[in-house]
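Overview (structure and organization)
Okay, here's what each chain looks like letter by letter:
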Amino acid sequence: MTKFRFPLMVASILTVVVLMGASTVPAVQIYGGWTRSDVGLQDKGDGFFVGVGNEIPLASRVFDVSYALEYVQKVGSQPTFFSDPVEGIFPITDAKVTLHCVQPSFFLGARVPDLGFVPRIYVGTSIVLKVSEEWSDFPGQANIEWGYRNTDIVGHVGVSLGVGPVTVDFRYTQGFIGQLLHDNTQPLAAKAETPPEGVHVPEEGAKLTTIQLGAGFTF
């Protein structure tokens, strides 16, 4: 249960703060930007994210609570042996995967008041729901096929800078549950004894990490 202590602790803090009561009408924010993900394969990949959030102003001028619903792409690729149904050879091609994820998210932030710009640091947690798992077209049968779990719990650490209604944000996300699975339901048509030089075999159960850089607008 140790691996769940951080997200449960954050969720508990958020619940206590919310029960203390909000002071004014919540502020709605829409945002989006770029992602760089490590999905347990050899090469990281670039995707994008979008989200809509609702900040709950508190009596405190320093701390705040917010929640959001986000769509996040997590992308990666793996150099893979494939069997050619005609030639019978084993070419190496990048197998690229895009994970389409939806995640309800909760955050606790702290900011420096009384400045023309508003720096804010925050922590949070999300339940990640994989909507779909999209692989690139394979030129034959892969020697090893991989897949991903449908759910994850992740923690966030981020920093944002706001000027008026515009916010620029950087966030690091760490998964807590091993996601990468070996798909042993498929026949190993392309058999390779050892990977070629420079190619690393993924580790089953790898936990996913993502960095996000984006911008938002608050109404």
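**Section: the overall build of the protein chain**
The secondary structure content of the protein chain amounts to one helix and 11 strands. Counting over 219 residues, the protein chain shows a buried share of 41%. Summarising the internal contacts of the protein chain: among those between residues at least 6 apart in sequence, 70% fall at separations of at least 24.

**Looking at the pattern of salt bridges**
Within this structure, the stated rule accounts for six salt bridges. A salt bridge links Glu-55 to Arg-111, with the shortest nitrogen-to-oxygen separation between them at 3.3 Å. Of this pair, Glu-55 sits in strand β2 (residues 43-56) while Arg-111 sits in strand β4 (residues 92-111), and the two are 56 residues apart along the sequence. Residue classification places Glu-55 among the partly exposed residues on the basis of a relative accessible area of 25%. Between Asp-64 and Arg-111 there is a salt bridge whose closest N-O contact spans 2.9 Å.

**Notes on the environment of Trp-146**
Take Trp-146: it is sitting in strand β7 (residues 146-148). Separated by 58 residues in sequence, Trp-146 and Glu-204 have C-alpha atoms that sit 8.7 Å apart.

**Overview of the packing of aromatic side chains**
All chains considered together, the criterion is met by four aromatic pairs. Relative to Phe-219, the ring of Phe-217 lies with its centre 5.3 Å away and its plane at 70°, an arrangement referred to as edge-to-face. Owing to a relative accessible area of 37%, Phe-217 belongs among the partly exposed residues under this scheme. Judged by its relative accessible area of 63%, Phe-219 falls in the exposed class.

Definitions and limits used
- Residues numbered from 1 in each chain as written.
- Predicted model: local features only at pLDDT ≥ 70, side-chain atom pairs only at ≥ 80, totals over all residues.
- Heavy atoms only, no water.
- Helix = DSSP H or I, 4+ residues; strand = E, 2+ residues; numbered from the N terminus.
- Buried < 20%, exposed > 50% of the residue type's maximum accessible area, 1.4 Å probe, protein only.
- Contact = heavy atoms within 4.5 Å.
- Salt bridge = Lys/Arg side-chain N within 4 Å of Asp/Glu carboxyl O.
- Phe/Tyr/Trp six-rings, centres within 6.5 Å; stacked < 30°, edge-to-face > 60°.

Interpretation in functional terms is not warranted from these geometric data alone.
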